[in-house]
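Here is how the chains run, residue by residue.
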Amino acid sequence: MTTDLLTNAPEVEAPVFPPRPPRQGRPTPHISSMDEYKKMYEQSIADPATFFGKMAQDLLTWFKPFGKVTFGSFKEGNVSWFLDGQVNACYNCVDRHALANPDKIAIIWEADEPNQHVSISYGTVLAEVSRLANVLKKYGVRKGDTVAIYMPMVPEAVYAMLACARIGAVHSVVFAGFSADALRDRMLDAKCKILITADQGKRGGKTIQLKKIADEALAECPSVHTVIVFQRTGDAAVPFHPPRDVWWHDETMNQRPYCPCEPMNSEDPLFMLYTSGSTGKPKGVLHTTAGYLLGVTATTKYIFDLHEDDVHGCMADVGWITGHSYIVYGPLANGVTTILFESIPTYPNAGRYWELVDKHKVTSFYTAPTAIRALRRLGDEHLQPYNLDTLRVLGSVGEPINPEAWMWYYKVVGRERCAIVDTYWQTETGSIIITPLPGATPSKPGSATLPFFGVDVAVLDPQTGKELVGTGVTGVLAVRSSFPSIARSIYDNHERYMDTYLKPYIGYYFTGDGVTRDKDGYYWIRGRVELDVINVSGHRMSTAEIESALVQHAACAEAAVVGIPDELTGQAIVCFCTLKTHTAPQATDQTLLAALTSQVRSHIGPFATPKRIVVTPDLPKTRSGKIMRRILRKVAAGDVGEEDVLNEDVLRLKLGDLTTLADPGVVAALVKRVATSQ
Ligand code: WTA
């Protein structure tokens with residue numbers, strides 16, 4: 001483990017922004033002072049069973065009350081919550097609201113084209129989810145079966161997730177930007193028998209050939225016997241292969257609009273979601289029913305400060321954890337209106353988000369720093385036509401938000417009247433774990449501030465694993481004891497779960513992120529400590545996965561991938577490749593570079609497109625053959641110039657110890673190649 005990322009200290013004298021008092025006619029925040037937060041936080045740590053036992057009774061509707069609130073430990077890897085209780089996530093997100101108020105709007109779908117939106121009531125969601133649940137049952141899906149979902153951002157994607165939850169099937173949503181290979185690998189790993197997909201997707205005016213991609217993946221997934229295809233565009237040219245393929249509209253039309261909810265034990269799996277780790281093989285992070293549901297319900301309520309008539313606009317995709325927790329389960333469990341946004345922030349222009357906020361009277365808005373940075377760069381004039389007065393809370397997620405972007409969000413979007421919540425969490429934590437609370441926490445731009453209830457945070461020395469106590473410390477971020485929404489396992493690979501999260505520091509959950517606790521006890525997330533996981537525009541990917549895509553190209557002998565800092569996307573991907581038969585003209589051959597790029601796009605997906613591919617005669621290696629990525633990262637980031645290689649001392653200063661390099665001459669060649677390649 002290297003500690004490169006741990007060196008940039010937080011701004012010691014960061015400005016502090018106290019919470020804004022509620023404006024006239026706006027609700028009083030659920031938690032309205034630091035004292036209240038502190039008191040509740042202390043209770044949640046001192047006596048989690050009482051704290052979360054009460055919360056679970058207050059926020060969720062149970063079919064059967066739970067007995068013991070919490071059992072197991074990080075040491076044993078047997079974490080469990082709300083034992084013997086029975087609950088259904090779909091019932092909590094849909095039925096209980098539909099029964100009380102069927103006409104209340106559950107989902108506002110804002111389609112790719114700006115003049116198209118649909119409001120869907122809780123009553124309608126109940127009927128649509130039920131119909132699909134009955135279709136799934138008809139095709140043999142039973143409690144515990146896994147169902148793959150590869151859908152664009154349409155309400156049917158949400159119905160598909162909830163229909164699975166309703167009958168106790170475990171959904172595995174694969175982001176619709178993933179390639180055929182990635183979809184195939186995930187369906188095989190999860191042993192899916194059913195896939196729910198769409199003919200095509202729409203995004204930013206472009207059409208995505210989902211069914212075609214799915215067909216490619218399915219060619220190597222013989223266990224999938226049924227594919228339910230939703231018609232998003234109705235394009236007649238879309239391939240369709242009965243009897244395996246069935247149309248969503250044909251099937252649902254014939255089913256009754258009610259299906260009973262399966263009573264699920266608290267610890268029954270709700271879903272899995274694949275995420276990148278330090279090897280090339282993605283892991284199916286497994287979440288269970290009650291703990292996850294409570295975690296997302298509570299965090300959505302308190303962090304976005306949701307009240308009865310609120311409209312929550314989370315701009316993520318349901319294919320990522322942010323979409324699962326803060327588009328689907330969290331807002332719906334709270335019975336508010338959730339926005340489902342099919343498009344992108346710059347289509348048809350950079351005012352799209354703000355038009356959406358204005359039109360749908362959004363009260364809490366949630367996006368990623370990369371989008372905030374891009375919109376800031378495109379200019380404030382895009383906000384001017386719109387009334388953003390309904391906004392109270394502005395959230396950020398996915399990567400550290402730089403203070404400039406934070407200030408723009410606060411001043412230009414929030415008009416200095418909204419709370420900014422920089423929310424830190426992970427696919428594995430299920431819900432937000434470090435965050436300000438709108439009515440309570442004074443904010444510092446760039447800091448995710450303080451832990452949420454029940455999250456017992458520790459900063460560890462990366463080498464010794466000892467806790468770094470007190471303030472002004474930097475180390476790796478870990479959690480001391482379990483909280484309800486923490487992932488319970490990796491699908492079919494509990495050993496990998498233990499090895500990745502619970503064994504690096506025995507007794508702790510290891511987040512993989514570096515962190516500083518500043519003089520006020522505030523947390524500043526520093527990014528991943530394992531440098532083989534990179535974060536591009538808030539998307540987590542592993543360098544090994546990209547390398548394995550590259551070496552599958554016929555011309556590529558070896559590949560090494562590194563992340564470099566990028567102003568817009570946080571980090572960007574730079575690939576170094578050696579060729580099987582390397583000749584000078586081939587090395588900068590545009591066709592070859594394009595082919596290597598497309599290799600990555602088709603193996604993983606367009607969101608993993610490298611910023612730069614450098615074809616080089618050799619890679620820097622130790623005598624034992626290990627690639628020295630530290631050198632590659634510095635060279636890729638432009639930290640070493642052509643003149644530097646002439647001076648050994650300068651080189652050592654910039655690149656560190658080079659004595660372990662098998663061939664010291666390789667550095668000069670690399671630097672030259674980077675300087676001359678585009
Ligand atoms: C990073 C996304 C700094 C972090 C919810 C984490 C953040 C990884 C923040 C998880 C934040 C997420 N500040 N870094 N507010 N939020 N991260 O699983 O490195 O896609 O480990 O979950 O994103 O990414 P994942």
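Scroll up to find the structure this text is about.
Now for a look at the structure at hand. As the structure is a prediction and not an experimental result, all values here were calculated from the model.

### Considering the nonpolar core
Side chains of nonpolar character tend, in soluble globular proteins, to be buried together.
Phase 1: Phe82, Leu162, Ile196, Tyr329, Phe453 and Leu550 are the most contacted members of the largest nonpolar core, which has 173 residues in total.
Phase 2: Top element by residues in this core is helix H5 (residues 155-167). It accounts for 10 residues.
Phase 3: Mapped onto the domain boundaries, this core takes at least three residues apiece from domain 1 (34-513) and domain 2 (533-677).
Phase 4: Apart from residues no more than four positions distant in its own chain, Ile196 is found in contact with Leu132, Leu136, Val147, Ala148, Ile149, Tyr150, Met151, Ala160, Ile228 and Trp248.
Phase 5: In this structure, Met315, Ile339, Tyr353 and Val357 belong to the second largest nonpolar core, which totals 30 residues.

### A look at the sheet that holds strand S6 (residues 146-150)
Phase 1: Pairing is mixed across the open sheet formed by 8 strands, whose spatial order is S12-S11-S8-S6-S7-S14-S15-S23. In this open sheet, the two edge strands, each paired with only one partner strand, are strand S12 (245-247) and strand S23 (489-490).
Phase 2: Looking at chain direction, strand S11 (residues 226-230) and S12 are connected through 3 bridges and run parallel. The residue of S12 that forms the bridge with Val227 is Asp245.
Phase 3: On the sheet, helix H7 (residues 210-218) packs against S6, strand S8 (194-198), S11 and S12 and is oriented at approximately 155 degrees with respect to S8.
Phase 4: Each of strand S7 (170-173), strand S14 (269-275) and strand S15 (283-288) is contacted by helix H10 (residues 321-333), which is oriented at about 140 degrees to S14, the strand it contacts most.

### Some points on the packing of helix H4 (residues 122-138) against H5
Phase 1: Running from N to C, H4 and H5 point in directions that differ by 65 degrees, and their axes come no closer than 8 Å. The interaxial crossing formed by H4 with H5 has right-handed handedness. Here Val125, Leu126, Glu128, Val129, Ser130, Leu132, Ala133, Leu136 and Lys137 of H4 lie close against H5, whose contacting residues are Tyr159, Ala160, Leu162, Ala163, Cys164, Arg166 and Ile167.
Phase 2: Considered class by class, the residues forming the contact of H4 with H5 number 12 nonpolar, 1 polar and 3 charged.

### Re the site of the ligand
Phase 1: In the vicinity of the ligand lie 17 residues, with Thr423, Thr427, Asp513, Arg528 and Arg540 positioned nearest.
Phase 2: At a separation of 3.1 Å, a nitrogen atom of the ligand approaches a polar backbone atom of Gly398.
Phase 3: At a separation of 2.5 Å, an oxygen atom of the ligand approaches a polar side-chain atom of Asp513.
Phase 4: When isolated, the ligand has an accessible area of 520 Å², and the protein chains bury 96% of it.
Phase 5: Counting only elements with at least two residues in the shell around the ligand, the list comes to H10, strand S20 (419-423) and strand S25 (523-528).
Phase 6: Across the shell around the ligand, the residue classes break down as 6 nonpolar, 6 polar and 5 charged.

### A closer look at the pairing of S20
Phase 1: Of all 5 residues that make up S20, 5 are buried, and the element is covered over most of its length.
Phase 2: Neither face of S20 is exposed, since Ala419, Val421 and Thr423 on one face and Ile420 and Asp422 on the opposite face are all buried.
Phase 3: Bridge count between strand S19 (residues 393-397) and S20: 5 bridges; the pairing is parallel. By the bridge assignment, Val397 is partnered in S20 with Thr423.
Phase 4: At this point the chain moves from S19, through helix H13 (residues 403-413), to the parallel S20, and the crossover so formed is right-handed.

### Some points on the packing of helix H3 (residues 89-100) against H10
Phase 1: Where H3 contacts H10, the two axes come as close as 8 Å, and the packing angle between them is 55 degrees. Comparing their axes, H10 and H3 come out oblique. Relative to H10, H3 is oriented so that their crossing is left-handed. Across the interface between the two elements, Ala89, Asn92, Cys93, Arg96 and His97 from H3 touch Tyr329, Leu332 and Ala333 from H10.

### Section: the side chain of Lys444
Phase 1: Relative to the helices and strands, Lys444 resides in the loop between S20 and strand S21 (457-460).
Phase 2: A relative accessible area of 3% places Lys444 in the buried class.
Phase 3: There is a polar contact of 2.6 Å between the side chain of Lys444 and the side chain of Asp520.
Phase 4: Setting aside residues no more than four positions away along its own chain, Lys444 makes contact with Ala14, Pro15, Val16, Trp406, Thr449, Asp518, Asp520, Tyr522 and Trp524.

### Quick look at the pattern of salt bridges
Phase 1: Summed over all chains, the structure comprises 40 salt bridges.
Phase 2: The salt bridge partner of Asp499 is Lys503, with a shortest N-O separation of 3.8 Å.
Phase 3: Salt-bridge contacts for Glu558 lead to Lys621; the nearest nitrogen and oxygen are separated by 2.8 Å. Taken together, the residues span a long stretch of sequence, with Glu558 in strand S28 (residues 556-566) and Lys621 in the loop between strand S30 (612-615) and helix H18 (629-636) at a distance of 63 residues.
Phase 4: On the basis of relative accessibility, which here comes to 26%, the residue Glu558 falls in the partly exposed class.
Phase 5: According to the relative accessible area criterion, Lys621 is partly exposed, its value standing at 21%.
Phase 6: Connected through shared salt-bridge partners, Arg23, Arg26, Asp389 and Arg417 make up one network.

### Concerning H18
Phase 1: Buried within H18 we find Ile631, Leu632, Arg633, Val635 and Ala636.
Phase 2: Buried residues belonging to H18 abut S28, strand S29 (570-579), helix H19 (648-655) and helix H20 (666-676).
Phase 3: Of the residues trailing H18, Gly638 is marked for its positive phi of about 80 degrees.

### Considerations on the sheet that holds strand S22 (residues 473-479)
Two strands in a sheet stick together by hydrogen bonds in their backbones, pointing the same way (parallel) or opposite ways (antiparallel).
Phase 1: Taken together, 4 strands build an open sheet; the order of strands is S21-S22-S24-S25 and the sheet is antiparallel. Two strands bound the open sheet, and with one partner strand each, they are S21 and S25. Ignoring strand direction, the axes of neighbouring strands in this sheet form an average angle of 45 degrees.
Phase 2: Across 6 bridges, S22 lies against strand S24 (residues 509-517) in antiparallel orientation. By the bridge assignment for S24, Ala478 is matched with Phe510.

Analysis parameters
- Throughout, a residue's number is its position along its own chain's written sequence, starting from 1.
- With pLDDT at 70 or above as the cut-off, local features in this predicted model cover only qualifying residues; side-chain atom pairs require 80 or more to be listed or tallied, and sums for whole chains, interfaces and linings still use all residues.
- Only hydrogens and water are removed before side-chain values are computed, so all heavy atoms of the structure are retained for them.
- Nine residue types can take part in a nonpolar core, namely buried Ala, Val, Leu, Ile, Met, Phe, Trp, Tyr and Cys, and a core is a set of them joined through side-chain atoms within 4.5 Å.
- The classification of residues rests on relative accessible area computed with a 1.4 Å probe and restricted to protein chains. Under 20% of the type maximum is buried, over 50% is exposed, and intermediate values are partly exposed.
- Segments assigned H or I by DSSP are reported as helices when at least four residues long, segments assigned E as strands when at least two residues long, and all are numbered from the N terminus.
- Where each domain starts and ends comes from a domain assignment, either automatic or drawn from a database.
- Pairs of residues are marked as contacts when any of their non-hydrogen atoms sit within 4.5 Å.
- Two strands are said to pair when DSSP picks up at least two bridges between them.
- An axis is simply a line fitted to the C-alpha atoms; with a helix, the fit covers only the stretch in contact. Between two such axes, the angle follows the N-to-C directions and lies from 0 to 180 degrees.
- Note: crossing handedness is left-handed where the near helix turns anticlockwise from the far helix by less than a right angle, and right-handed where it turns clockwise.
- When residues are grouped by polarity, Ala, Val, Leu, Ile, Met, Phe, Trp, Tyr, Cys and Pro land in nonpolar, Asp, Glu, Lys and Arg in charged, and all others, Gly among them, in polar.
- A single heavy atom is enough: if one lies within 4 Å of a molecule or strand, its residue is considered near that molecule or strand.
- As used in this structure description, the phrase polar contact means that two N or O atoms lie within 3.5 Å; if the pair is within protein, one of them must be able to donate a hydrogen and the other to accept it, and residues adjacent in sequence are counted only when both atoms belong to side chains.
- Values of accessible area rely on a 1.4 Å probe in the Shrake-Rupley scheme; residue burial ignores everything except the protein chains shown.
- For a crossover, the right-handed case is the one in which the path from the first strand over the helix to the second runs clockwise, viewed with the strands pointing away from the viewer.
- What sets the label is the angle itself: under 35 degrees gives roughly parallel, over 145 gives roughly antiparallel, 65 to 115 gives roughly perpendicular, and the rest give oblique.
- Whenever a carboxyl oxygen of Asp or Glu lies within 4 Å of a side-chain nitrogen of Lys or Arg, that contact is scored as a salt bridge.

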